[in-house]
Amino acid sequence: MNKVMQEKGSWITGTHAMRNALLDLVTDADLNFNPGGQNPTLGGLFREIGETEYAYLQSLKTFKTDFSYRN
């Protein structure tokens with residue numbers, strides 16, 4: 001294990017655990033919630049976060065950052 005993972009590994013593990021716990025709690029109605037105005041739904045925010053994470057992961061493989069991926 002490299003030094004960065006030794007130092008930051010528990011933080012990353014904790015962040016993933018919180019994300020998984022949140023996803024276990026939300027319902028379809030929660031994901032469709034929109035606070036009004038031009039704000040996206042909660043599900044839309046989750047999708048955008050996932051697309052950003054995908055772009056970062058792909059950049060580690062290709063050494064190029066491309067945010068054009070949409071699911």
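Computed from a predicted model, the values in this text were never measured in an experiment.

Turning our eyes to something else, we now look at the packing of aromatic side chains. Here the structure, examined in full by the defined rule, presents two aromatic pairs. Centre to centre, the rings of tyrosine 56 and phenylalanine 67 are 5.8 Å apart; their planes meet at 85 degrees, and the pair counts as edge-to-face. With tyrosine 56 in helix H3 (residues 42–62) and phenylalanine 67 in the segment after H3, this pair connects stretches of sequence that are 11 residues apart. Overall, tyrosine 56 belongs to the partly exposed group, its relative accessible area being 48%.

As a further point, take the pattern of salt bridges. Here the structure, examined in full by the defined rule, presents two salt bridges. Linking arginine 70 and glutamate 51 is a salt bridge whose minimum nitrogen-to-oxygen distance equals 3.6 Å. Separated by 19 residues along the polypeptide, arginine 70 in the segment after H3 and glutamate 51 in helix H3 bring together distant segments of the chain. The exposure class assigned to arginine 70 is exposed, which follows from its relative accessible area of 58%.

A separate point is the confidence of the model for the protein. Averaged over every residue, the pLDDT of the protein is 88; residues scoring 70 or more account for 99%. Looking at the elements of the protein, mean pLDDT is at its lowest for helix H1 (residues 3–25), recorded as 84, and at its highest for helix H2 (residues 28–31), recorded as 94.

Along the chain, isoleucine 12 turns up in helix H1. Separated by 28 residues in sequence, isoleucine 12 and proline 40 place their C-alpha atoms 27 Å apart.

Here the focus is the environment of arginine 19. Along the chain, arginine 19 falls in helix H1. A polar contact is formed between the side chain of arginine 19 and the side chain of asparagine 20, at a distance of 3.4 Å.

With that out of the way, let us pick up unusual backbone geometry. For phenylalanine 63, which is not glycine, the phi dihedral falls at a positive 60 degrees. One can find phenylalanine 63 in the segment after H3. For phenylalanine 63, a relative accessible area of 75% translates into the label exposed.

Conventions adopted
Residues numbered from 1 in each chain as written. Predicted model: local features only at pLDDT ≥ 70, side-chain atom pairs only at ≥ 80, totals over all residues. Heavy atoms only, no water. Phe/Tyr/Trp six-rings, centres within 6.5 Å; stacked < 30°, edge-to-face > 60°. Helix = DSSP H or I, 4+ residues; strand = E, 2+ residues; numbered from the N terminus. Buried < 20%, exposed > 50% of the residue type's maximum accessible area, 1.4 Å probe, protein only. Salt bridge = Lys/Arg side-chain N within 4 Å of Asp/Glu carboxyl O. pLDDT = per-residue confidence, 0-100. Polar contact = N/O pair within 3.5 Å; in protein donor to acceptor, adjacent residues only side chain to side chain.

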